[in-house]
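Observations on the three-dimensional arrangement
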Amino acid sequence: WLRSRHRFVTRRFRRHPHSSRFFKVIRAMPISPVEFASLLCSRLCHDLLSPIGALNNGLELLGDESDPAMRKRCLDLLNESARVSANKLKFFRLAFGAGSAFGERVDVREARNAIEGLLGDNKRLTLHWAVEEQMLSKAAVKVLLNLALIAGDTLVRGGTVTIGAEETADTTEIVLQAAGDRVILDPELRATLVNGMAEGADGSITVTPRAAAAFLIHSIVDEAGGSVMVGDPVEGSLLFGAALPNR
């Protein structure tokens with residue numbers, strides 16, 4: 001499936017009359033490590049605020065309740081919030097973290113488990129895993145995870161995220177498809193994925209916390225001398241792709 005799909009996607013974008021929009025070597029944008037760390041911290045705080053806030057609310061309710069049925073409901077809320085928080089932390093540890101617990105190559109089962117935990121919290125999303133490789137480079141896994149995060153966010157009414165990756169002697173190629181009733185990719189994320197930056201409302205060049213994952217993808221692929229592509233939604237389907245030379 002991956003081979004046929006990737007060849008189709010690659011031919012389609014390379015032959016598109018505006019292919020430079022979708023398939024290009026991306027260039028780095030100057031941004032300090034401190035600024036990028038701030039972007040990631042802001043994104044983490046945003047995503048963790050809801051489940052951790054629910055934990056706090058559940059504890060407050062539990063302290064005020066004496067009715068056994070209500071206390072059980074509070075405990076159910078606490079269990080669910082704790083599970084969601086743990087899943088998000090596991091995902092972000094692998095997607096954003098240094099990955100010091102792993103070598104230069106990562107078992108793809110780690111990536112799959114992290115994505116299943118993240119997307120599984122949204123009952124409207126389904127994951128189709130089409131990665132046959134057993135191990136991928138740490139850089140490729142980070143690109144795959146962050147593309148999965150963005151792909152899931154584009155499915156505002158739910159749908160399916162299909163993920164494939166193939167490693168050859170020279171290149172690791174990653175392809176994702178987001179398919180659903182309504183697929184929306186924010187122009188800021190598209191611009192940051194392809195160019196490493198977006199133009200603000202006042203005309204300034206900026207990278208915002210919500211685009212942290214897109215900027216990380218850009219940075220990793222650019223450093224590897226690779227390429228990234230992002231398509232337009234066609235019949236409820238949006239394609240993402242990245243190619244990283246193996247070194």
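Residues numbered from 1 in each chain as written. Predicted model: local features only at pLDDT ≥ 70, side-chain atom pairs only at ≥ 80, totals over all residues. Heavy atoms only, no water.

Digging into the overall build of the protein chain
The secondary structure content of the protein chain amounts to seven helices and nine strands. Evaluated residue by residue, the protein chain yields a buried proportion of 46% over its 247 residues. Long-range contacts, defined here as pairs at least 24 residues apart, represent 71% of the contacts in the protein chain between residues at least 6 apart. (Helix = DSSP H or I, 4+ residues; strand = E, 2+ residues; numbered from the N terminus. Buried < 20%, exposed > 50% of the residue type's maximum accessible area, 1.4 Å probe, protein only. Contact = heavy atoms within 4.5 Å.)

Here we look at the pattern of salt bridges
Inspection of the entire model under this criterion finds 11 salt bridges. A salt bridge links arginine 109 to aspartate 107, with the shortest nitrogen-to-oxygen separation between them at 2.6 Å. Residue classification places aspartate 107 among the buried residues on the basis of a relative accessible area of 19%. Each of the salt bridges in this network shares a partner with another, and the network as a whole consists of Arg43, Asp47 and Asp153. (Salt bridge = Lys/Arg side-chain N within 4 Å of Asp/Glu carboxyl O.)

Here we look at the packing of helix H5 (residues 138–154) against helix H7 (residues 212–224)
How two helices pack is summed up by the angle between their axes together with the distance between the axes. Running from amino to carboxyl end, H5 crosses H7 at an angle of 150°, the nearest separation of the two axes being 9 Å. Viewed along their axes, H5 and H7 adopt a mutual orientation that is roughly antiparallel. The handedness of the crossing between H5 and H7 is left-handed. Where H5 abuts H7, its residues Ala139, Lys142, Val143, Asn146, Leu147, Leu149 and Ile150 lie against Ala213, Ala214, Leu216, Ile217, Ile220 and Val221. (Axes fitted to C-alpha atoms, helices over the stretch in contact; angles between N-to-C directions. Parallel < 35°, antiparallel > 145°, perpendicular 65-115°, else oblique. Left-handed = near helix turned anticlockwise from the far one by under 90°.)

Focus on the sheet that holds strand S8 (residues 227–230)
Read from one edge of the open sheet, five strands run S2-S4-S5-S9-S8, paired in mixed fashion. Pairing within the sheet leaves two strands with one partner each, and these edge strands are strand S2 (125–131) and S8. Ignoring which end each strand starts from, the neighbouring axes of this sheet average 10° apart. With seven bridges joining them, S2 and strand S4 (residues 159–167) adopt parallel strand pairing. If you follow valine 131 over to S4, its bridge partner there is alanine 165. Its contacts with the sheet place H5 against S2, S4, strand S5 (171–180) and strand S9 (237–245), and it is angled at close to 10° to S5. (Pairing = 2+ DSSP bridges.)

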